[in-house]
Amino acid sequence: MSLLELDRVGKSFGPNTAVEEFSLAVTKGEFISFLGPSGCGKTTTLQMIAGFLDPSHGTIRLEGKDLVAMPPAKRGLGIVFQSYALFPHMTAAENVAFGLEMRKVPRDERDERVRKALALVGLAGYEGRHPRRMSGGQQQRVALARALVIRPSVLLLDEPLSNLDARLREDMQIELRQIQRNLGTTTILVTHDQIEAMSLSDRIVVMSKGKIEQIGTPQQVYEQPASAFVAQFLGKTNEFAAEVERTAGLARLVAGSWSAPAPAGATGTVTISVRPERISFGSSGLAGRITSRIFQGNHWLFQCDTECGPAIVIRQNDGQPQPDQGETVHLIWQDSDMSLRASVAA
Ligand SMILES: Nc1ncnc2c1ncn2[C@@H]1O[C@H](COP(=O)(O)OP(=O)(O)OP(=O)(O)O)[C@@H](O)[C@H]1O
Ligand SMILES: [Mg+2]
(Lines give C-alpha, C1' and ligand atoms only; values in the text may rest on other atoms or scores of the structure.)
(Ligands and ions follow the chains in the order given, each with its own letter.)
Protein backbone atom coordinates (compact mmCIF):
# COMPACT_ATOMS: atom_id res chain seq x y z
CA MET A 1 0.00 0.00 0.00
CA SER A 2 1.16 3.54 -0.68
CA LEU A 3 2.12 5.62 2.34
CA LEU A 4 0.82 8.88 0.90
CA GLU A 5 -1.80 9.18 -1.82
CA LEU A 6 -3.01 12.26 -3.64
CA ASP A 7 -6.06 11.66 -5.79
CA ARG A 8 -7.03 14.33 -8.36
CA VAL A 9 -6.11 17.13 -5.96
CA GLY A 10 -6.79 20.68 -7.14
CA LYS A 11 -6.51 24.17 -5.68
CA SER A 12 -7.95 27.43 -6.91
CA PHE A 13 -7.41 30.90 -5.52
CA GLY A 14 -10.51 32.81 -6.58
CA PRO A 15 -10.70 32.49 -10.37
CA ASN A 16 -7.10 31.28 -10.68
CA THR A 17 -6.23 27.59 -10.73
CA ALA A 18 -2.88 26.93 -9.01
CA VAL A 19 -3.00 23.10 -9.08
CA GLU A 20 -5.14 20.76 -11.20
CA GLU A 21 -5.84 17.00 -11.18
CA PHE A 22 -2.72 16.16 -9.18
CA SER A 23 -2.54 12.39 -8.55
CA LEU A 24 0.46 10.66 -7.00
CA ALA A 25 1.10 7.58 -4.85
CA VAL A 26 4.24 7.72 -2.69
CA THR A 27 5.79 4.50 -1.35
CA LYS A 28 7.34 4.31 2.13
CA GLY A 29 11.01 5.31 2.02
CA GLU A 30 10.76 6.98 -1.39
CA PHE A 31 12.47 10.28 -2.24
CA ILE A 32 10.20 12.30 -4.54
CA SER A 33 10.89 15.71 -6.07
CA PHE A 34 8.35 18.21 -7.37
CA LEU A 35 10.23 19.93 -10.18
CA GLY A 36 9.04 22.87 -12.24
CA PRO A 37 9.45 26.58 -12.94
CA SER A 38 8.41 29.38 -10.59
CA GLY A 39 4.65 29.57 -10.10
CA CYS A 40 3.84 26.05 -11.36
CA GLY A 41 2.17 25.01 -8.08
CA LYS A 42 4.92 23.16 -6.18
CA THR A 43 4.56 25.00 -2.87
CA THR A 44 0.76 24.97 -3.11
CA THR A 45 0.78 21.17 -3.47
CA LEU A 46 3.22 20.74 -0.58
CA GLN A 47 1.16 23.07 1.62
CA MET A 48 -1.94 20.98 0.95
CA ILE A 49 -0.07 17.84 2.08
CA ALA A 50 1.21 19.73 5.13
CA GLY A 51 -2.31 20.93 5.92
CA PHE A 52 -1.72 24.69 5.68
CA LEU A 53 -3.96 24.90 2.61
CA ASP A 54 -7.22 23.02 2.01
CA PRO A 55 -7.62 21.41 -1.42
CA SER A 56 -10.50 22.75 -3.53
CA HIS A 57 -10.90 19.25 -5.02
CA GLY A 58 -9.66 15.71 -4.47
CA THR A 59 -8.42 13.67 -1.54
CA ILE A 60 -5.11 13.22 0.29
CA ARG A 61 -4.54 10.05 2.32
CA LEU A 62 -1.70 9.12 4.68
CA GLU A 63 -1.57 5.42 5.56
CA GLY A 64 -5.08 5.12 4.14
CA LYS A 65 -6.51 7.85 6.42
CA ASP A 66 -8.09 10.95 4.90
CA LEU A 67 -5.91 13.94 5.76
CA VAL A 68 -8.20 16.74 4.73
CA ALA A 69 -10.00 16.96 8.10
CA MET A 70 -6.81 16.44 10.15
CA PRO A 71 -5.08 19.54 11.59
CA PRO A 72 -1.42 20.06 10.52
CA ALA A 73 0.06 19.28 13.96
CA LYS A 74 -1.68 15.87 14.03
CA ARG A 75 -0.29 14.71 10.66
CA GLY A 76 3.17 13.80 12.00
CA LEU A 77 4.97 15.46 9.10
CA GLY A 78 8.38 17.13 9.25
CA ILE A 79 8.49 20.40 7.32
CA VAL A 80 11.28 22.69 6.16
CA PHE A 81 9.79 25.77 4.53
CA GLN A 82 11.03 27.77 1.57
CA SER A 83 12.33 30.37 4.09
CA TYR A 84 13.66 28.11 6.82
CA ALA A 85 12.76 30.50 9.69
CA LEU A 86 14.37 29.40 12.95
CA PHE A 87 13.35 30.99 16.23
CA PRO A 88 16.01 33.71 16.54
CA HIS A 89 15.90 33.97 20.35
CA MET A 90 16.46 30.22 20.79
CA THR A 91 19.74 28.28 20.53
CA ALA A 92 20.18 25.55 17.92
CA ALA A 93 19.34 22.89 20.53
CA GLU A 94 16.22 24.78 21.71
CA ASN A 95 15.06 25.17 18.12
CA VAL A 96 15.44 21.44 17.52
CA ALA A 97 13.82 20.56 20.88
CA PHE A 98 10.72 22.67 20.19
CA GLY A 99 8.70 19.97 18.40
CA LEU A 100 9.53 17.42 21.09
CA GLU A 101 8.38 19.79 23.85
CA MET A 102 5.10 20.28 22.00
CA ARG A 103 4.76 16.49 21.94
CA LYS A 104 5.57 16.27 25.69
CA VAL A 105 8.58 14.00 25.19
CA PRO A 106 10.31 13.53 28.61
CA ARG A 107 13.35 15.69 29.21
CA ASP A 108 16.05 12.97 29.17
CA GLU A 109 14.82 11.45 25.94
CA ARG A 110 14.41 14.91 24.44
CA ASP A 111 18.01 15.94 25.18
CA GLU A 112 19.30 12.71 23.73
CA ARG A 113 17.26 13.02 20.53
CA VAL A 114 18.27 16.67 20.04
CA ARG A 115 21.94 15.77 20.46
CA LYS A 116 21.64 12.94 17.93
CA ALA A 117 19.70 15.05 15.40
CA LEU A 118 22.30 17.83 15.48
CA ALA A 119 25.11 15.28 15.14
CA LEU A 120 23.30 13.73 12.17
CA VAL A 121 23.41 17.02 10.25
CA GLY A 122 27.04 17.61 11.20
CA LEU A 123 26.41 20.19 13.92
CA ALA A 124 27.64 18.40 17.08
CA GLY A 125 29.04 21.10 19.38
CA TYR A 126 26.72 23.83 18.06
CA GLU A 127 23.93 23.14 20.60
CA GLY A 128 24.32 26.50 22.40
CA ARG A 129 24.65 28.74 19.29
CA HIS A 130 22.00 31.22 18.26
CA PRO A 131 20.93 31.30 14.57
CA ARG A 132 22.33 34.83 14.02
CA ARG A 133 25.79 33.49 14.84
CA MET A 134 25.54 30.66 12.31
CA SER A 135 26.10 30.61 8.54
CA GLY A 136 23.19 30.16 6.14
CA GLY A 137 24.17 26.54 5.56
CA GLN A 138 24.36 25.83 9.29
CA GLN A 139 20.94 27.43 9.86
CA GLN A 140 19.54 25.34 7.04
CA ARG A 141 20.89 22.22 8.75
CA VAL A 142 19.33 23.22 12.09
CA ALA A 143 16.01 23.53 10.24
CA LEU A 144 16.55 20.03 8.83
CA ALA A 145 17.43 18.61 12.28
CA ARG A 146 14.31 20.27 13.70
CA ALA A 147 12.16 18.53 11.07
CA LEU A 148 13.91 15.14 11.46
CA VAL A 149 13.93 15.00 15.26
CA ILE A 150 10.20 14.30 15.49
CA ARG A 151 10.76 11.18 13.31
CA PRO A 152 8.22 12.30 10.73
CA SER A 153 6.34 9.78 8.62
CA VAL A 154 6.96 12.12 5.69
CA LEU A 155 9.54 14.87 5.40
CA LEU A 156 8.42 17.88 3.32
CA LEU A 157 11.20 20.15 2.04
CA ASP A 158 10.41 23.35 0.14
CA GLU A 159 13.56 24.55 -1.67
CA PRO A 160 15.58 23.87 1.50
CA LEU A 161 18.91 24.54 -0.20
CA SER A 162 17.95 27.59 -2.24
CA ASN A 163 19.89 30.11 -0.16
CA LEU A 164 23.22 28.33 -0.36
CA ASP A 165 26.10 28.97 -2.72
CA ALA A 166 26.77 26.33 -5.39
CA ARG A 167 29.53 24.52 -3.50
CA LEU A 168 27.72 24.29 -0.14
CA ARG A 169 24.56 23.32 -1.96
CA GLU A 170 26.28 20.33 -3.53
CA ASP A 171 27.73 19.25 -0.17
CA MET A 172 24.29 19.56 1.45
CA GLN A 173 22.67 17.56 -1.38
CA ILE A 174 25.07 14.68 -0.72
CA GLU A 175 24.45 14.97 3.03
CA LEU A 176 20.69 15.13 2.60
CA ARG A 177 20.69 12.04 0.43
CA GLN A 178 22.82 10.11 2.94
CA ILE A 179 20.63 11.13 5.88
CA GLN A 180 17.49 10.20 3.97
CA ARG A 181 18.88 6.81 2.92
CA ASN A 182 20.16 6.03 6.44
CA LEU A 183 16.89 6.91 8.15
CA GLY A 184 14.64 5.67 5.33
CA THR A 185 12.45 8.76 5.75
CA THR A 186 9.87 9.20 3.01
CA THR A 187 10.72 12.62 1.56
CA ILE A 188 9.15 15.12 -0.80
CA LEU A 189 11.46 17.85 -2.05
CA VAL A 190 10.30 20.93 -3.92
CA THR A 191 12.90 22.36 -6.29
CA HIS A 192 13.22 24.21 -9.58
CA ASP A 193 16.75 22.85 -10.06
CA GLN A 194 16.75 19.85 -12.39
CA ILE A 195 20.24 18.69 -11.37
CA GLU A 196 19.19 18.71 -7.71
CA ALA A 197 16.02 16.74 -8.52
CA MET A 198 17.96 14.20 -10.60
CA SER A 199 20.78 13.70 -8.10
CA LEU A 200 18.48 13.17 -5.09
CA SER A 201 15.25 11.55 -6.23
CA ASP A 202 13.91 8.07 -6.74
CA ARG A 203 11.15 9.65 -8.82
CA ILE A 204 10.55 13.15 -10.16
CA VAL A 205 7.16 14.80 -10.66
CA VAL A 206 7.69 17.35 -13.45
CA MET A 207 5.11 20.15 -13.22
CA SER A 208 4.08 23.02 -15.45
CA LYS A 209 1.27 25.51 -14.98
CA GLY A 210 -0.38 23.59 -12.13
CA LYS A 211 -0.38 20.25 -13.94
CA ILE A 212 1.77 17.13 -13.85
CA GLU A 213 3.67 16.75 -17.13
CA GLN A 214 5.38 13.47 -16.25
CA ILE A 215 6.20 11.24 -13.28
CA GLY A 216 9.24 8.99 -13.60
CA THR A 217 12.72 8.06 -12.43
CA PRO A 218 15.43 10.62 -13.23
CA GLN A 219 16.52 8.43 -16.17
CA GLN A 220 12.96 8.12 -17.51
CA VAL A 221 12.20 11.84 -17.48
CA TYR A 222 15.61 12.64 -18.98
CA GLU A 223 15.77 9.87 -21.60
CA GLN A 224 12.07 9.55 -22.47
CA PRO A 225 10.52 12.97 -21.92
CA ALA A 226 6.73 12.83 -22.34
CA SER A 227 6.49 16.37 -23.74
CA ALA A 228 8.57 19.15 -25.25
CA PHE A 229 8.32 20.95 -21.90
CA VAL A 230 9.88 18.03 -20.00
CA ALA A 231 12.61 17.56 -22.63
CA GLN A 232 13.61 21.21 -22.39
CA PHE A 233 13.23 21.63 -18.63
CA LEU A 234 15.46 18.62 -17.87
CA GLY A 235 18.42 19.99 -19.84
CA LYS A 236 19.48 20.94 -23.33
CA THR A 237 18.01 18.93 -26.16
CA ASN A 238 17.72 18.94 -29.95
CA GLU A 239 14.38 18.57 -31.66
CA PHE A 240 13.76 17.78 -35.32
CA ALA A 241 10.54 17.17 -37.23
CA ALA A 242 10.48 13.99 -39.34
CA GLU A 243 7.97 12.09 -41.46
CA VAL A 244 7.34 8.38 -41.15
CA GLU A 245 7.46 6.99 -44.71
CA ARG A 246 6.64 3.45 -45.72
CA THR A 247 8.33 1.80 -48.71
CA ALA A 248 8.02 -1.91 -49.45
CA GLY A 249 6.62 -2.55 -45.97
CA LEU A 250 9.56 -0.85 -44.21
CA ALA A 251 8.89 2.27 -42.14
CA ARG A 252 11.59 4.94 -42.04
CA LEU A 253 11.97 8.33 -40.39
CA VAL A 254 12.81 10.91 -43.03
CA ALA A 255 13.91 14.54 -42.65
CA GLY A 256 15.44 16.04 -45.80
CA SER A 257 18.22 13.70 -46.89
CA TRP A 258 18.54 12.19 -43.39
CA SER A 259 16.74 8.96 -42.61
CA ALA A 260 16.69 6.17 -40.00
CA PRO A 261 14.57 3.09 -39.27
CA ALA A 262 11.27 4.06 -37.62
CA PRO A 263 10.29 2.36 -34.38
CA ALA A 264 7.19 0.12 -34.46
CA GLY A 265 3.92 2.03 -34.32
CA ALA A 266 5.29 5.42 -35.46
CA THR A 267 3.12 7.20 -38.04
CA GLY A 268 2.66 10.63 -39.59
CA THR A 269 4.76 13.59 -38.50
CA VAL A 270 6.86 13.05 -35.39
CA THR A 271 9.25 15.12 -33.29
CA ILE A 272 12.63 13.53 -32.68
CA SER A 273 14.49 14.57 -29.55
CA VAL A 274 18.22 13.84 -29.12
CA ARG A 275 20.39 15.05 -26.21
CA PRO A 276 23.50 16.99 -27.33
CA GLU A 277 25.91 14.63 -25.53
CA ARG A 278 24.59 11.65 -27.54
CA ILE A 279 25.58 13.16 -30.88
CA SER A 280 28.99 12.66 -32.43
CA PHE A 281 30.56 13.61 -35.76
CA GLY A 282 30.76 10.94 -38.46
CA SER A 283 31.31 10.58 -42.17
CA SER A 284 27.62 10.32 -43.02
CA GLY A 285 24.50 11.44 -41.11
CA LEU A 286 22.62 14.69 -40.69
CA ALA A 287 24.63 17.21 -42.72
CA GLY A 288 25.48 20.56 -41.16
CA ARG A 289 28.03 23.29 -40.62
CA ILE A 290 29.57 24.39 -37.31
CA THR A 291 28.59 27.96 -36.52
CA SER A 292 30.36 28.17 -33.16
CA ARG A 293 32.78 26.10 -31.09
CA ILE A 294 33.23 26.83 -27.40
CA PHE A 295 35.73 25.21 -25.04
CA GLN A 296 34.22 24.54 -21.60
CA GLY A 297 37.00 22.64 -19.85
CA ASN A 298 35.82 19.04 -19.64
CA HIS A 299 33.82 19.30 -22.86
CA TRP A 300 33.36 21.20 -26.13
CA LEU A 301 30.06 22.84 -27.04
CA PHE A 302 29.26 23.11 -30.76
CA GLN A 303 26.41 24.96 -32.43
CA CYS A 304 25.56 23.71 -35.89
CA ASP A 305 23.28 24.67 -38.74
CA THR A 306 21.77 21.51 -40.16
CA GLU A 307 19.30 20.61 -42.87
CA CYS A 308 16.70 20.21 -40.12
CA GLY A 309 17.50 23.43 -38.25
CA PRO A 310 19.93 24.46 -35.51
CA ALA A 311 21.51 21.78 -33.31
CA ILE A 312 23.85 21.69 -30.34
CA VAL A 313 26.47 19.02 -29.81
CA ILE A 314 28.50 18.36 -26.66
CA ARG A 315 31.71 16.35 -26.99
CA GLN A 316 33.84 15.24 -24.05
CA ASN A 317 37.28 16.78 -24.08
CA ASP A 318 39.21 13.56 -24.68
CA GLY A 319 42.32 15.30 -26.01
CA GLN A 320 41.50 14.50 -29.65
CA PRO A 321 41.35 17.25 -32.30
CA GLN A 322 37.84 18.66 -32.80
CA PRO A 323 36.23 20.17 -35.91
CA ASP A 324 36.47 23.94 -36.21
CA GLN A 325 33.98 26.74 -36.77
CA GLY A 326 32.87 26.86 -40.43
CA GLU A 327 33.62 23.17 -41.06
CA THR A 328 31.06 20.89 -42.69
CA VAL A 329 30.15 17.95 -40.47
CA HIS A 330 27.75 15.02 -40.27
CA LEU A 331 25.84 14.47 -37.04
CA ILE A 332 25.32 10.85 -36.02
CA TRP A 333 23.65 9.13 -33.06
CA GLN A 334 22.39 5.67 -32.11
CA ASP A 335 18.76 4.91 -32.94
CA SER A 336 18.26 4.14 -29.24
CA ASP A 337 19.34 7.70 -28.33
CA MET A 338 16.31 9.24 -30.03
CA SER A 339 13.04 9.73 -28.23
CA LEU A 340 9.97 10.22 -30.43
CA ARG A 341 6.73 12.07 -29.86
CA ALA A 342 3.77 12.43 -32.16
CA SER A 343 3.79 16.05 -33.35
CA VAL A 344 0.83 18.06 -32.16
CA ALA A 345 -1.00 19.51 -35.15
CA ALA A 346 -0.65 23.29 -35.19
N1 LIG B 1 -2.39 32.58 -1.35
C2 LIG B 1 -2.46 32.72 -2.67
N3 LIG B 1 -3.43 33.50 -3.23
C4 LIG B 1 -3.53 33.62 -4.57
N5 LIG B 1 -2.73 33.01 -5.45
C6 LIG B 1 -1.76 32.23 -4.97
C7 LIG B 1 -1.57 32.05 -3.56
N8 LIG B 1 -0.52 31.21 -3.38
C9 LIG B 1 -0.07 30.89 -4.61
N10 LIG B 1 -0.81 31.50 -5.57
C11 LIG B 1 -0.62 31.35 -7.03
O12 LIG B 1 -0.65 29.98 -7.34
C13 LIG B 1 0.33 29.66 -8.32
C14 LIG B 1 1.28 28.58 -7.77
O15 LIG B 1 2.05 29.14 -6.72
P16 LIG B 1 3.13 28.27 -5.91
O17 LIG B 1 3.58 29.08 -4.76
O18 LIG B 1 2.56 26.94 -5.62
O19 LIG B 1 4.28 28.15 -7.00
P20 LIG B 1 5.73 27.46 -6.88
O21 LIG B 1 5.77 26.40 -7.93
O22 LIG B 1 6.00 27.04 -5.48
O23 LIG B 1 6.70 28.65 -7.33
P24 LIG B 1 8.16 29.11 -6.77
O25 LIG B 1 9.16 28.20 -7.44
O26 LIG B 1 8.27 30.51 -7.25
O27 LIG B 1 8.16 28.99 -5.27
C28 LIG B 1 1.01 30.97 -8.67
O29 LIG B 1 0.44 31.46 -9.85
C30 LIG B 1 0.72 31.87 -7.50
O31 LIG B 1 0.66 33.21 -7.88
MG1 LIG C 1 7.38 27.73 -4.03
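Nothing here was measured: the structure is a model prediction, and the numbers come from that model. (Residues numbered from 1 in each chain as written. Chains lettered and ligands numbered in written order. Predicted model: local features only at pLDDT ≥ 70, side-chain atom pairs only at ≥ 80, totals over all residues. Heavy atoms only, no water.)

Peer 1: Hey, could you run me through the nonpolar core in this one?
Peer 2: Within soluble globular proteins, side chains that are nonpolar tend to cluster in buried spots. Residues Val96, Val114, Leu118, Val142, Leu144 and Leu157 are the most contacted members of the largest nonpolar core, which totals 29 residues. At the level of secondary structure, the elements contributing two or more residues to this core comprise helix H2 (92-102), helix H3 (107-120), helix H4 (136-148), strand E7 (154-158) and helix H5 (166-183). Looking at this core element by element, the count peaks at six residues for H4. Ranked by size, the runner-up nonpolar core spans 26 residues in total, among them Val26, Val154, Leu156 and Val205. (Core = buried A, V, L, I, M, F, W, Y, C linked by side-chain atoms within 4.5 Å. Buried < 20%, exposed > 50% of the residue type's maximum accessible area, 1.4 Å probe, protein only. Helix = DSSP H or I, 4+ residues; strand = E, 2+ residues; numbered from the N terminus.)

Peer 1: Please clarify how the pattern of salt bridges should be interpreted in this entry.
Peer 2: Oppositely charged side chains can form a pair if their charged atoms are brought close together. The final tally for this structure, using the stated rule, is 14 salt bridges. Residues Arg8 and Asp7 are paired through a salt bridge, measuring 3.4 Å at the closest nitrogen-oxygen approach. Taking the shortest distance from any N to any O, the salt bridge between Glu109 and Arg113 comes out at 2.8 Å. Within this pair, Glu109 and its partner Arg113 are both found in helix H3, separated by four residues, close to a single helical turn. A single salt-bridge network, built from bridges that share partners, covers Glu112, Arg115 and Lys116. (Salt bridge = Lys/Arg side-chain N within 4 Å of Asp/Glu carboxyl O.)

Peer 1: In this structure, what is going on with the packing of H4 against H5? I would like to understand it.
Peer 2: Between two packed helices, what matters for the description is the angle formed by their axes and the separation of those axes. Remark: H4 packs on H5, axes separated minimally by 12 Å, with the N-to-C direction vectors making an angle of 15 degrees. Judged by the inter-axis angle, H4 sits roughly parallel to H5. Crossing handedness for the pair H4 and H5: right-handed. On H5, the residues touching Gly137, Arg141, Leu144 and Leu148 of H4 are Leu168, Met172, Glu175, Leu176, Ile179 and Leu183. In terms of residue class, the contact of H4 with H5 is made up of seven nonpolar, one polar and two charged. (Axes fitted to C-alpha atoms, helices over the stretch in contact; angles between N-to-C directions. Parallel < 35°, antiparallel > 145°, perpendicular 65-115°, else oblique. Left-handed = near helix turned anticlockwise from the far one by under 90°. Contact = heavy atoms within 4.5 Å. Nonpolar A, V, L, I, M, F, W, Y, C, P; charged D, E, K, R; others polar.)

Peer 1: I tried to follow the site of ligand 1 on my own but got confused; where do I start?
Peer 2: In the region of ligand 1, the neighbouring residues are Phe13, Ala18, Pro37, Ser38, Gly39, Cys40, Gly41, Lys42, Thr43, Thr44, Gln82 and Glu159. Separating an oxygen atom of ligand 1 from a side-chain N or O atom of Thr43 is a distance of 2.7 Å. For ligand 1, an oxygen atom lies 2.5 Å from a polar atom in the side chain of Thr44. Considered on its own, ligand 1 offers 640 Å² of accessible surface; in the complex 57% of this is hidden by protein. For the shell around ligand 1, the leading source of residues is helix H1 (residues 42-50), giving three residues. The residue makeup of the shell around ligand 1, split by class, is four nonpolar, six polar and two charged. (Near = heavy atom within 4 Å. Polar contact = N/O pair within 3.5 Å; in protein donor to acceptor, adjacent residues only side chain to side chain. Areas by Shrake-Rupley, 256 points an atom, 1.4 Å probe, with all protein chains shown as cover.)

Peer 1: Would you take a moment to explain the packing of aromatic side chains for this structure?
Peer 2: The description of an aromatic ring pair rests on the distance of the ring centres and on the angle between the ring planes. Per the counting criterion, the structure on display carries eight aromatic pairs. When the centroid spacing of 5.3 Å and the interplanar angle of 65 degrees are considered together, the rings of Phe22 and Phe34 count as edge-to-face. Here Phe34 lies in strand E3 (residues 31-35) and Phe22 lies in strand E2 (residues 16-26), a separation of 12 residues in the sequence. You can call Phe34 buried: its relative accessible area is 0%. Among the aromatic residues, ring-to-ring pairing joins Phe240, Trp258 and Trp333 into one connected group. The ring of Phe87 has Arg146 sitting right over it, with the charged end atom 5.4 Å from the ring centre. The aromatic ring of Tyr222 is capped on one face by Arg275, whose charged end is 3.9 Å from the ring centroid. (Phe/Tyr/Trp six-rings, centres within 6.5 Å; stacked < 30°, edge-to-face > 60°. Lys NZ or Arg CZ within 6 Å of the ring centre and 35° of its normal.)

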